[in-house]
Amino acid sequence: MASRKMTFALPEDLAAQFIHRVPARDRSRYLAAALAEKLAERERQLIRACELANQDAEVARVEDEFDALPDEITETWTDAPSR
C-alpha cells in the first residue's frame, strides 16, 4: 500500500505520552490504526444521524415538497440579464 509522509502538531503532553508508550518502529502503524478507527466512528455517527433524520416527520414533509417539484424547468427565464 502506498503511503504519504505528513507533519502534525500535537500538544506537548500528548506527544510525550505517545513517545513513551509507543516504540518508534510502531508509531506510524499505531497512528494509522487510531486514525482509521476515529474516521470509521465518525462515519457511523453520520450514518446514524441520517437514519434519525430520515425518521423525522418534518424532514419527510420537506422531502415530499422537493419531490413534487418538476425535474426540468418548463419555462425559460426571459428577463435574465445577458452576459
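The structure displayed is predicted, hence computed values, not measured ones.

Considering all chains together, one arrives at one aromatic pair under this definition. With 5.9 Å between their ring centres and 45° between their planes, Phe18 and Tyr30 make a pair best called tilted. Of the two residues, Phe18 is situated in helix H1 (residues 12–21) and Tyr30 in helix H2 (residues 27–55); the sequence distance between them amounts to 12 residues. Assessed through its relative accessible area of 14%, Phe18 is described here as buried. In this arrangement the basic side chain of Arg27 is found over the ring face of Phe18, its NZ or CZ atom lying 5.9 Å from the centre.

This next bit is on the confidence of the model for the protein chain. Mean pLDDT for the protein chain: 91, with 99% of residues reaching 70 or above. Within the protein chain, H1 carries the highest mean pLDDT (98), whereas helix H3 (residues 57–68) carries the lowest (88).

Between its first and last C-alpha atoms H3 spans 17 Å; for 12 residues at 1.5 Å apiece the expected length is 16 Å, and the two agree. Structurally, the start of H3 carries an N-cap: the backbone nitrogen of Glu58 is 2.8 Å from a side-chain oxygen of Asp56.

Rules and cut-offs
Residues numbered from 1 in each chain as written. Predicted model: local features only at pLDDT ≥ 70, side-chain atom pairs only at ≥ 80, totals over all residues. Heavy atoms only, no water. Phe/Tyr/Trp six-rings, centres within 6.5 Å; stacked < 30°, edge-to-face > 60°. Helix = DSSP H or I, 4+ residues; strand = E, 2+ residues; numbered from the N terminus. Buried < 20%, exposed > 50% of the residue type's maximum accessible area, 1.4 Å probe, protein only. Lys NZ or Arg CZ within 6 Å of the ring centre and 35° of its normal. pLDDT = per-residue confidence, 0-100. Expected span 1.5 Å × (residues − 1). Polar contact = N/O pair within 3.5 Å; in protein donor to acceptor, adjacent residues only side chain to side chain.

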